[in-house]
Amino acid sequence: MSNTPSNTPMAASPLTRAVLEIDEYVSGLGWDQPARLFALVDTARLRTQEPSLATQLGLDDASDATGLTPIEQDDMATDKALDEFLATIAWPDAVAGCALSVERLMLPPSAEAQVPQDLDEAGLAKWVAEHPKRQEVRMTVAVLRDGARESALRLREKDTPTEVLTGSDLVPGLAEALTATFAD
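Residues numbered from 1 in each chain as written. Predicted model: local features only at pLDDT ≥ 70, side-chain atom pairs only at ≥ 80, totals over all residues. Heavy atoms only, no water.

Engineer: What is the right way to look at the overall build of the chain in this model?
Structural biologist: When you go through the chain residue by residue, the secondary structure sums to seven helices and six strands. Mapped in sequence order, the helices and strands of the chain form the string α-β-α-α-β-α-β-α-α-β-β-β-α. Per-residue burial over the chain gives 39% buried out of 184 residues. When the accessible surface of the chain is split by element, carbon and sulfur atoms take 51% of a total near 10,300 Å². (Helix = DSSP H or I, 4+ residues; strand = E, 2+ residues; numbered from the N terminus. Buried < 20%, exposed > 50% of the residue type's maximum accessible area, 1.4 Å probe, protein only. Areas by Shrake-Rupley, 256 points an atom, 1.4 Å probe, with all protein chains shown as cover.)

Engineer: Looking at this structure, I do not really get unusual backbone geometry. What am I missing?
Structural biologist: Excluding glycine, most residues fall at negative phi; most peptide bonds, likewise, are trans. In this model, aspartate 32 sits at a positive phi of 65 degrees, which is unusual for a non-glycine residue. Along the polypeptide, aspartate 32 turns up in the loop between helix H1 (14-27) and strand E1 (36-42). Judged by its relative accessible area of 55%, aspartate 32 falls in the exposed class.

Engineer: What should I look at first to understand the sheet that holds strand E3 (residues 97-106) in this one?
Structural biologist: Across a sheet, paired strands are connected by hydrogen bonds in the backbone, their directions being either parallel or antiparallel. Judged by pairing direction, the sheet is antiparallel, and its six strands sit side by side in the order E2-E1-E3-E4-E5-E6 without closing on themselves. For this open sheet the edge positions go to strand E2 (68-72) and strand E6 (165-167), each flanked by a neighbour on one side alone. On average, each strand axis in the sheet is inclined to that of its neighbour by 20 degrees, with strand direction left out of account. Along the sheet, H1 contacts E1, E2, E3, strand E4 (135-144), strand E5 (149-155) and E6; its crossing angle with E5, the most-contacted strand, is approximately 30 degrees. (Pairing = 2+ DSSP bridges. Axes fitted to C-alpha atoms, helices over the stretch in contact; angles between N-to-C directions. Contact = heavy atoms within 4.5 Å.)

Engineer: Honestly, the pattern of salt bridges in this entry has me stumped. Any pointers?
Structural biologist: Pairing between side chains of opposite charge can happen when their charged atoms approach one another. Taken as a whole and assessed by the stated rule, the structure comprises eight salt bridges. Arginine 156 is the partner of aspartate 32 in a salt bridge, and the nearest nitrogen-oxygen pair spans 3.2 Å. Of this pair, aspartate 32 sits in the loop between H1 and E1 while arginine 156 sits in the loop between E5 and E6; the two residues are 124 residues apart in sequence, bridging distant segments of the chain. When the shortest N-O distance is used, the salt bridge between glutamate 136 and arginine 156 registers 2.7 Å. Residue glutamate 136 is located in strand E4, and its partner arginine 156 is located in the loop between E5 and E6; the two are separated by 20 residues in the primary sequence. Here glutamate 136 falls in the partly exposed class, since its relative accessible area comes to 29%. Overall, the relative accessible area of 32% leaves arginine 156 in the partly exposed class. (Salt bridge = Lys/Arg side-chain N within 4 Å of Asp/Glu carboxyl O.)

Engineer: Please clarify how the environment of threonine 69 should be interpreted in this entry.
Structural biologist: By the secondary structure assignment, threonine 69 is in strand E2. Classification of threonine 69 by relative accessible area gives buried; the value is 6%. In the structure, threonine 69 is positioned 29 residues away from leucine 40 in sequence and 5.5 Å away in space, judged by C-alpha atoms.

Engineer: Is there a simple way to explain a negative patch on the surface in this structure?
Structural biologist: Negative charge collects at one region of the surface, where Asp83, Glu84, Asp120 and Glu121 lie side by side. Here aspartate 120 lies in the loop between helix H5 (109-112) and helix H6 (121-130). (Patch = residues over 30% accessible without salt bridge, like charges linked within 9 Å, V, L, I, M, F, W, Y side chains within 5 Å. Lys, Arg positive; Asp, Glu negative; His and termini not counted. Charge placed at Lys NZ, Arg CZ, Asp CG, Glu CD.)

Engineer: Honestly, helix H7 (residues 172-180) in this entry has me stumped. Any pointers?
Structural biologist: Since the α-helix packs 3.6 residues into each turn, any two residues three or four apart lie on the same face. Taken as a whole, H7 has its buried residues at Leu174, Ala175 and Leu178. Burial along H7 is one-sided: seen end-on, the buried residues are contained in an arc of 100 degrees. Residues of H7 that are buried make contact with helix H4 (82-86), E3, E4 and E5. (Arc of directions from axis to C-beta.)

Engineer: Mind showing me how you'd approach the nonpolar core here?
Structural biologist: Across soluble globular proteins, nonpolar side chains have a tendency to be buried as a group. Core analysis: the biggest nonpolar cluster contains 24 residues, and Leu37, Leu82, Leu86, Trp91, Leu100, Leu174 and Leu178 have the highest contact counts within it. A per-element tally of this core places E4 first, with four residues. Every residue in contact with tryptophan 91, bar those within four places of it in the chain, is listed here: Leu37, Phe38, Ala39, Gln73, Cys98, Arg145, Thr181 and Phe182. (Core = buried A, V, L, I, M, F, W, Y, C linked by side-chain atoms within 4.5 Å.)

Engineer: Could you clarify how one ought to interpret the packing of aromatic side chains in this entry?
Structural biologist: The geometry of an aromatic ring pair comes down to the distance between the two centres and the angle between the two planes. The full count for this structure, using the stated rule, is two aromatic pairs. With a centroid separation of 6.1 Å and an interplanar angle of 85 degrees, the aromatic rings of tyrosine 25 and phenylalanine 38 are classed as edge-to-face. One end of the pair, tyrosine 25, is in helix H1; the other, phenylalanine 38, is in strand E1, with 13 residues separating them in the sequence. When its relative accessible area of 0% is taken as the criterion, phenylalanine 38 is described as buried. Relative to phenylalanine 182, the ring of tryptophan 91 has its centre 6.2 Å away and its plane inclined at 20 degrees; by these criteria the two rings are stacked. With tryptophan 91 in the loop between H4 and E3 and phenylalanine 182 in the segment after H7, this pair connects stretches of sequence that are 91 residues apart. The exposure class of tryptophan 91 is buried, given its relative accessible area of 13%. On the accessibility criterion, phenylalanine 182 (11% relative accessible area) is buried. We note arginine 138 situated over the ring of tryptophan 31; from NZ or CZ to the ring centre the distance is 4.1 Å. (Phe/Tyr/Trp six-rings, centres within 6.5 Å; stacked < 30°, edge-to-face > 60°. Lys NZ or Arg CZ within 6 Å of the ring centre and 35° of its normal.)

Given below as structure tokens:
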């Protein structure tokens, strides 16, 4: 990712800005994308300890000194279930946090009562995919080592930067799974 000007609010926390920057980057790639994993590193520390990488990422001295720089990871295993893959991750000390952007189908709460109880995981996925009220959503969730978390949700049918919902507890299960990647 490059450090290009974005629509992220400067008054937001560094973690919120990182989530929105990742959401903006992934949205520029279009829909129907695989899950994408990012390491979050302290921008000032990156500039000091890895100046050539900082230059490559476009992080000059005018960049936000209190910010977090997302670095996309290339080794996203697509042959494993997401929870199994996340259980295999261990981050080096230089990584302050991590983020994941993933697309899923969601149903409105009103449809949950209609879910047949006898479905296995594959059957449930098929049932949701065929439901007339299903919605495609991109979830970007980020966590820091200290437990801070932030999320951004973007519906495919309302795919504009002004329609991105943010909050710390929008996707708690995914945030917990990402936090577990920092457990000793």
